[in-house]
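Here are the chains, one letter per residue:
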Amino acid sequence: MIRFRPRLAPTLFTVPAVAVLVALGVWQLQRLEWKSHLIAERTAAVAMPPVRPPQTLADARAMEFRPVADDGVFLHDKEIHLGAMDPRGRAGFQVLTPLREEGGRIVFVNRGFVPTELKDPATRPTGQLAGTVQINGLLRVPPDEKPGWFTPDNRPDRNYWFWIDLPAMAAADRIANAAPFYIDADAMPNLGGWPKGGVTPIALPNDHLQYAITWFSLAAALMVIYLLYHRRGGDSA
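Residues numbered from 1 in each chain as written. Predicted model: local features only at pLDDT ≥ 70, side-chain atom pairs only at ≥ 80, totals over all residues. Heavy atoms only, no water.

## Observations regarding the nonpolar core
In this structure, Phe74, Leu99, Val109, Ile135, Leu139 and Phe181 are the most contacted members of the largest nonpolar core, which totals 15 residues. Going through the elements one at a time, α2 (57-63), β1 (67-74), β4 (106-115), β5 (132-140) and β6 (178-185) are the ones with two or more residues in this core. Those residues in contact with Leu139 that lie beyond four places of it in its chain are Pro54, Ala60, Met63, Glu64, Phe65, Arg66, Val68, Phe181 and Tyr182. Counting residues in each nonpolar core, the second largest holds 13 residues, with Leu75, Trp161, Met169 and Tyr182 among its members. (Core = buried A, V, L, I, M, F, W, Y, C linked by side-chain atoms within 4.5 Å. Buried < 20%, exposed > 50% of the residue type's maximum accessible area, 1.4 Å probe, protein only. Helix = DSSP H or I, 4+ residues; strand = E, 2+ residues; numbered from the N terminus. Contact = heavy atoms within 4.5 Å.)

## Side note on the pattern of salt bridges
Considering all chains together, one arrives at eleven salt bridges under this definition. For Arg140, the salt bridge goes to Glu64, with nearest N and O atoms at 3.4 Å. A residue pair is termed long-range when its members are at least 10 positions apart, and Arg140 in strand β5 and Glu64 in the loop between α2 and β1 qualify at 76 residues. A relative accessible area of 23% means that Glu64 is categorised as partly exposed. For Asp184, the salt bridge is made with Arg140, and the minimal N-O distance between the two is 2.9 Å. (Salt bridge = Lys/Arg side-chain N within 4 Å of Asp/Glu carboxyl O.)

## Remarks on the environment of Pro53
Among the secondary structure elements, Pro53 is positioned in the loop between α1 (8-46) and α2. On the basis of relative accessibility, which here comes to 9%, the residue Pro53 falls in the buried class. A C-alpha to C-alpha distance of 60 Å links Pro53 and Tyr226, two positions 173 residues apart in sequence. For Pro53, the residues in contact, after removing those within four places along its chain, are Val68, Ala69, Asp70, Glu101, Arg105, Phe181 and Ile183.

## A few points about α1
Between the first and last C-alpha of α1 there are 57 Å, a value that for 39 residues agrees with the 57 Å anticipated at 1.5 Å per step. Listed as buried for α1 are Pro10, Thr14, Ala17, Val18, Leu21, Gly25, Gln28, Leu32, Lys35, Arg42 and Ala45. (Expected span 1.5 Å × (residues − 1).)

So this is what it looks like as structure tokens:
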């Protein structure tokens, strides 16, 4: 009969380590449920028929990612440039242009991506649509604050933005009646080819099940090592 006598040092290390690994696995399962729900909500919203943009931030939050149709006049001289990369990894900017609706309200429209060499609007005059235009896209709500510690501060003095801060963008453009949401224009080609719309991330990565399996596997492996260590110790005794 093998007598199991836990040794102090290995036990003091293994028990907390296994508890932490199991907790991480459970947390990833919770993240999996949250992400799956988020993907389902976004997929359902994108598939809905287009509507007119809302009037309030509360309504916009309930409608995020839903297709909307708006019309107005672009204020091209107030373009905002958001640092971005295209799907191929090319550096450039997403162009946010204020759209003045018939009633006077301003809605920022993310018209899409331009490479760095086309940042200057003068290099893409054909795409600077004049007169009343109709915009189709997805309703978006900006973050309430800077997305994370590693996100640089915006540089309104250089018109170089790292994250969408609509109040600051409106202030930089001297706009007093900007809507608290914006529209990501769809992928319908613009005249001249730029900007290229359809930049909204629809497909979200969901690797939380793999992460959970990894953490649970590490916990199980550590327990096996712990038991084998004591078994060898018992055999040698």
